[in-house]
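So you can see what is in the structure, the chains are spelled out below.
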Amino acid sequence: MVPKTVSSDRWISKHKEKKKAQQALAREYWKQVGFHRPLGGFWFNYVLLLILALPGIIVIGIVLPAILPYPSALGFNNTITSLLMPIYLFADFGIKGAIERFISQYSEIDPHRAMKYAAFFLWYQMITGALQVTLISIMAVTIIPKTNLSYSVWFFLAFIMIQWPGTAGLFQTLLNGFQQFNKSNIIYVLQNVAIQTATQVIFIIIGMRIGYKNPKIGPLMGSTMGFIIGSYVDDLIALVVGMLLFKKVLKPLGIKLVTVMHLSFDRSLAKQVLIYGGKMMPSGLVYVGVNAIITIMVTNWLPSYSDLVGLYQLASGLIGALGVSFTMGPPMTESYTNGKEELSIYLINAQFKWWGLISIGVLMAPLLFLIPDIIVTFASEYSGIQEMVFPLFLGAFILFPSMFCGTITQACDLPAQHSYLNFIEQGTRIVTYFIALSPWTFKVWFGDAAVYWFWLFAEAPGYAAKAIYGWWMIKRKLFPDKKIGFPAYQALIAPALSMSPFILLSWIMKRGFFRLYQLCEINHFGLGAGWEFVPAYLLAALYLVLLLFIYPIFIIFPLYGFLGAWDEQSLEDFRKAALMAGPSKGLVMTLYKGTNWGYMHSPFKNRFSIPHETAMKQASEITALRRRISDG
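Residues numbered from 1 in each chain as written. Predicted model: local features only at pLDDT ≥ 70, side-chain atom pairs only at ≥ 80, totals over all residues. Heavy atoms only, no water.

J.: Any details on unusual backbone geometry? Residues and values, ideally.
T.: Even without being a glycine, Asp413 presents a positive backbone phi close to 65 degrees. Inspection of the secondary structure puts Asp413 in the loop between α16 (385–411) and α17 (415–437). A residue is classified by how much of its surface remains accessible, and Asp413, at 42% relative accessible area, is partly exposed. Although it is not a glycine, Asn606 sits at a positive phi angle of roughly 65 degrees. Among the secondary structure elements, Asn606 is positioned in the loop between α25 (585–600) and α26 (613–631). (Helix = DSSP H or I, 4+ residues; strand = E, 2+ residues; numbered from the N terminus. Buried < 20%, exposed > 50% of the residue type's maximum accessible area, 1.4 Å probe, protein only.)

The structure is reproduced here in structure tokens:
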């Protein structure tokens, strides 16, 4: 009989060997071209998102409503940002998109050339950032006091500091260009879930205390200033994190991080980037220009605009999660510019498939039927978001197809078409907002109440017009002799069927939460004043775990597989992504095994398949080219 200690040692040894082999496979998969790379980047931070989101829901549910009971503070933030964005974008001159496009092209085959583009991006941003800080500061103290935004002089001065050193997103852009989506997503999650929440809360508290002590400032203005400053500080922290992560990417290539500071670019490279960026710049400029005009309409024609804009920002941010997408620009650039059209088409269809599974199958029901009601229970000042989410759903649902066609035109060397797409979208937006808000249209025809409701629907027509033209143009310009297709069953029908059981579950969860909250109001559970709602907050955190993990593992993903929405290649992409998911590997592999079980028992197996044979051959060809260059 084998002693237990020996048996245990063998099991540990085998486990370590298996883990080591899986890590080697993951490193190999990151070197292989295919959809599994952006998919793996998405899943990499899933557990990290949970770890940070659980404390975040407590902070947002308890701390933020208590220290920022003013939706208008969010409204002021949105207003100033909208007015400054045209200046930011004009100064940027489309450089960010151009840099990501060229770095994506050269990162695999000539990383030293890619670093020259990175150096140009850094120096351009630092120089133009210094100019912006100087000019906007002068404008803020000379012109703004003479307008109806005179209250916002200090807001402008705080906001413009974001442009110095102007390189907050530099290393995330470089990580995307080198297709290190796992590391890029670390920055995104840390910045948007952890760092930003912490810095905003800290500086809101500081600003509000200063406001209470100084009546000339007041708590509203003080908390708004703190909110702005906290957003700036989190950018600086994210810059340092990105720098450290990108340093690890460069080390195996024999390139030092300080290379990004070298004036290694020449006039021809600068000219190439500026010409490409100049072609892209009008499309972005028209977007922020229209936003500024819409902001002026809103501030002049929408009653109580600061409160409504603050509520709108929260509701649209919540429902905007339906537009979930992966970082598809670099893979599309790599495949299309190397003549691999079938691979490009496969990437498009795979992204649509996963958009449907996550946004419709996982997120749609809780975002519409559960989460808004829970948020409003904790913060009654934000009750307006309950009636906003359903009108905003139409625009949020068609946002991804609209954005994705823009990503493709930019990635596949059609900067002029990218501009045309934005002209169509923004031209439609400005017309619909004018009709919705002006005192000569809906207000006269249907009354004051109609202005509010049509304002909520004003985004959707622009998204629809852009998507219709964009996908027609992609077919005509990029794939005239190819069939792009659309995986309607995998992206729409199967996710909707997989989500349907949650409608009943959300009703049960909502009733259970409200009942517990009422009990907390009546009985403090011995926790004392100010802590009586802790059980309700903990239940909300538990709901987050159920929504992000338990329901997908046991209901949504197995049902999606049983409905026949997978094929062999899409499941293989998922398996590779699960092994590449780093700290999330255990969870993502569980999701994979659950949906694979559904697929294996499905009576519809392989009935709905995305064409992939030629695409996979082309992906292997690019991988082989990269290895020859790396070895040679």
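J.: Which residues make up the side chain of Lys576, and what values go with them?
T.: Within the secondary structure, Lys576 is located in helix α24 (residues 568–579). Setting aside anything within four residues of it in sequence, one finds Lys576 in contact with Tyr29, Gln32 and His36. (Contact = heavy atoms within 4.5 Å.)

J.: Any chance you could break down the packing of aromatic side chains for me, citing the residues and the numbers?
T.: Counted under the stated rule, the structure contains 49 aromatic pairs. When the ring of Phe352 is compared with that of Phe400, the centres are 5.4 Å apart and the planes differ by 85 degrees; the resulting orientation is edge-to-face. Here Phe352 is found in helix α14 (residues 341–369), whereas its partner Phe400 is found in helix α16, with 48 residues between them in sequence. The same class applies to Phe352 and to Phe400, which are both buried. Ring centres of Phe352 and Trp471 lie 5.4 Å apart, and the angle between their planes is 45 degrees; this geometry places the pair in the tilted category. Here Phe352 is found in helix α14, whereas its partner Trp471 is found in helix α20 (residues 460–478), with 119 residues between them in sequence. Across this residue pair, the class does not change: Phe352 and Trp471 are buried. (Phe/Tyr/Trp six-rings, centres within 6.5 Å; stacked < 30°, edge-to-face > 60°.)

J.: For the packing of helix α5 (residues 95–106) against helix α6 (residues 111–142), give the residues involved together with the corresponding values.
T.: The axes of two packed helices give the description: the angle between them and the distance between them. Between α5 and α6, the shortest axis-to-axis distance is 8 Å and the interhelical angle comes to 165 degrees. Comparing the axis directions of α5 and α6 gives the class roughly antiparallel. Seen from above, α5 lies across α6 with left-handed handedness. Across the interface between the two elements, Ile95, Lys96, Ile99, Phe102, Ile103 and Tyr106 from α5 touch Pro111, Arg113, Ala114, Tyr117, Ala118, Phe120, Phe121 and Tyr124 from α6. (Axes fitted to C-alpha atoms, helices over the stretch in contact; angles between N-to-C directions. Parallel < 35°, antiparallel > 145°, perpendicular 65-115°, else oblique. Left-handed = near helix turned anticlockwise from the far one by under 90°.)

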